[in-house]
Structures are given as structure tokens and as C-alpha cells.
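Structure at a glance
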Amino acid sequence: MIGFFIALLSGALMSIQGVFNTQVTKTSGIWVANAFVQLTAFLVCMGVWLFTDRSSFTSLLKVEPKYMLLGGVIGAGITYTVIKGMDMLGPARAVMLIVIAQLIVAYGIELLGLFGVEKQPLEMRKVLGMAVAIVGIIIFKWK
């Protein structure tokens, strides 16, 4: 149950962060804002690490396959695309499309067993659920 609430909190924080970052770009520019976001995230992570975990950074050298270490690079891309999406579509429309894209890609990863994730069988109820979500986006966007 705690995972459910953590996921809800994650979605809420992503939406708020996207709005904040989009507003920052109006003064600073998108790459300055993106760099600032990544820098402040790094500083928070280092601060929390100093007071809690303290595991060795050399353990990162043991990560296999090495492409799994590209999360930060992907994070910069996420920040950029969220900012642009919210700026061009508004927060609600952008987040709806972001969430449906996340759902489709995540389910594809599960179906194909990519990136070390255990392969899952195709379930029509999940496909139907995604279709309902897409219809919901169309209804929400309908003028």
C-alpha cells in the first residue's frame, strides 16, 4: 500500500516540478533551467547521502550493463521535454500525454522483458485500460 502512495506522490511532484520549471524558463532559458534543476537535485542527493546511506560511489563501477548508468542523461531529456510540453500544451494536457506515454512504454517493457525486467504476458484488460485512458485524453481535449 505504501508503494501506491509513493507513486501518487511521485506523479504530483512531477506535475508541480514541471510547472515550476516551465515558469523558470521564462526568465532564464530552458537549458539554464534544466541545468539548475539537475544541479539542485544533485546537491539534495549528496546531502541526503551524507546523512543516511554513505554507500560507496565505486559500487557504480559494478553496474551491468553499463547503459543502465544513463538515468541522469535521460533525466535531462525528461526535464527538457516536460518543460516544452507544458509550455506548448499547458500542464493538464501535457501531463495526460506524459502519463499515457509512460504507461504504454512501461507495459511494452514488461511485455518484451526489456532492461532486466521479468517478461509478462499480454493481458487484454491492461490493453483495454490503456485504451480507456486514451479515450479519456480525447474527451478531456475535446472542444
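In case you missed it, the structure is sitting above this.
Now for a look at the structure at hand. (Residues numbered from 1 in each chain as written. Predicted model: local features only at pLDDT ≥ 70, side-chain atom pairs only at ≥ 80, totals over all residues. Heavy atoms only, no water.)

1. Re the overall build of the protein chain
Just so we agree on the cut-off: Note on conventions: DSSP H or I runs of at least 4 residues are helices, E runs of at least 2 residues are strands, and numbering of each starts at the N terminus. Relative accessibility under 20% of the residue-type maximum defines a buried residue, over 50% an exposed one, and the middle range a partly exposed one, all with a 1.4 Å probe and only protein chains included. Residues count as neighbours in contact if any of their non-hydrogen atoms are within 4.5 Å of one another. In short, Shrake-Rupley with a 1.4 Å probe defines the accessible areas, and a residue's cover is counted only from the protein chains shown. None of His or the chain ends enter the tally, which takes Lys and Arg as positive and Asp and Glu as negative. Every charge is mapped to an atom, namely NZ of Lys, CZ of Arg, CG of Asp or CD of Glu.
Across its full length, the protein chain holds five helices and zero strands. Walking the protein chain from its N terminus toward its C terminus, one meets helices and strands in the order α-α-α-α-α. Taken along the three principal axes of its C-alpha coordinates, the protein chain extends 50 × 45 × 30 Å. Burial analysis of the protein chain (143 residues in total) assigns 13% to the buried set. Sequence separation of at least 24 residues holds for 55% of the intrachain contacts in the protein chain that already meet a minimum separation of 6. Accessible area of the protein chain: about 10,700 Å², with a carbon and sulfur share of 76%. Separation of charge centres in the protein chain, based on 11 positive and 6 negative side chains, amounts to 10 Å.

2. Some words on the packing of helix α2 (residues 30–51) against helix α3 (residues 71–89)
The condition that has to hold: Interaxial angle, 0 to 180 degrees, is taken between N-to-C directions of lines fitted to C-alpha atoms, where a helix line uses only the stretch in contact. An angle below 35 degrees is read as roughly parallel, one above 145 as roughly antiparallel, one from 65 to 115 as roughly perpendicular, and any other as oblique. For a crossing to be left-handed, the near helix must be turned anticlockwise from the far one by less than a right angle; the clockwise case is right-handed.
With their axes 10 Å apart at the nearest point, α2 and α3 run at an angle of 130° to one another. In terms of orientation, α2 and α3 fall into the oblique class. Where α2 crosses over α3, the two elements pack in a sense that is right-handed. Contacts from Ile30, Trp31, Asn34, Val37 and Gln38 of α2 reach α3 at Gly75, Ala76, Thr79, Tyr80, Ile83 and Lys84.

3. Side note on unusual backbone geometry
Glutamate 64 connects to proline 65 through a cis peptide bond whose omega is -10°. Even without glycine at this site, arginine 54 takes up a positive phi of about 60°. Assignment of secondary structure puts arginine 54 in the loop between α2 and α3. In this structure, phenylalanine 115 is a non-glycine residue whose phi angle is positive, near 60°. Locating phenylalanine 115 in the fold gives a position in the loop between α4 (91–112) and α5 (124–141).

4. A closer look at the packing of α4 against α5
Heads up, the condition is: Here the nonpolar group is Ala, Val, Leu, Ile, Met, Phe, Trp, Tyr, Cys and Pro; Asp, Glu, Lys and Arg are the charged ones; every other residue, Gly included, is treated as polar.
It is the contact of α4 with α5, at a shortest axis distance of 10 Å, that shows an interaxial angle of 165°. Taken together, α4 and α5 sit at an angle that is classed as roughly antiparallel. Where α4 crosses over α5, the handedness of that crossing is left-handed. When α4 is examined against α5, the residues Ala92, Arg93, Met96, Leu97, Ile100, Leu103, Ile104, Tyr107 and Glu110 are found in contact with a partner set consisting of Lys126, Val127, Met130, Ala133, Ile134, Ile137, Phe140 and Lys141. Partitioning the contact of α4 with α5 into residue classes produces 13 nonpolar, no polar and four charged.

5. Looking at the pattern of salt bridges
The line we're drawing: Any carboxyl oxygen of Asp or Glu within 4 Å of a side-chain nitrogen of Lys or Arg constitutes a salt bridge here.
Following the criterion strictly, the structure yields three salt bridges and no others. With a shortest N-O distance of 3.4 Å, glutamate 64 and lysine 66 are connected by a salt bridge. Assessed through its relative accessible area of 57%, glutamate 64 is described here as exposed. Taking the relative accessible area as the measure of exposure, lysine 66 reaches 40% and is therefore partly exposed. With a closest N to O distance of 3.1 Å, glutamate 123 and arginine 125 form a salt bridge. Residues joined in a network through salt bridges with shared partners are Glu123, Arg125 and Lys126.

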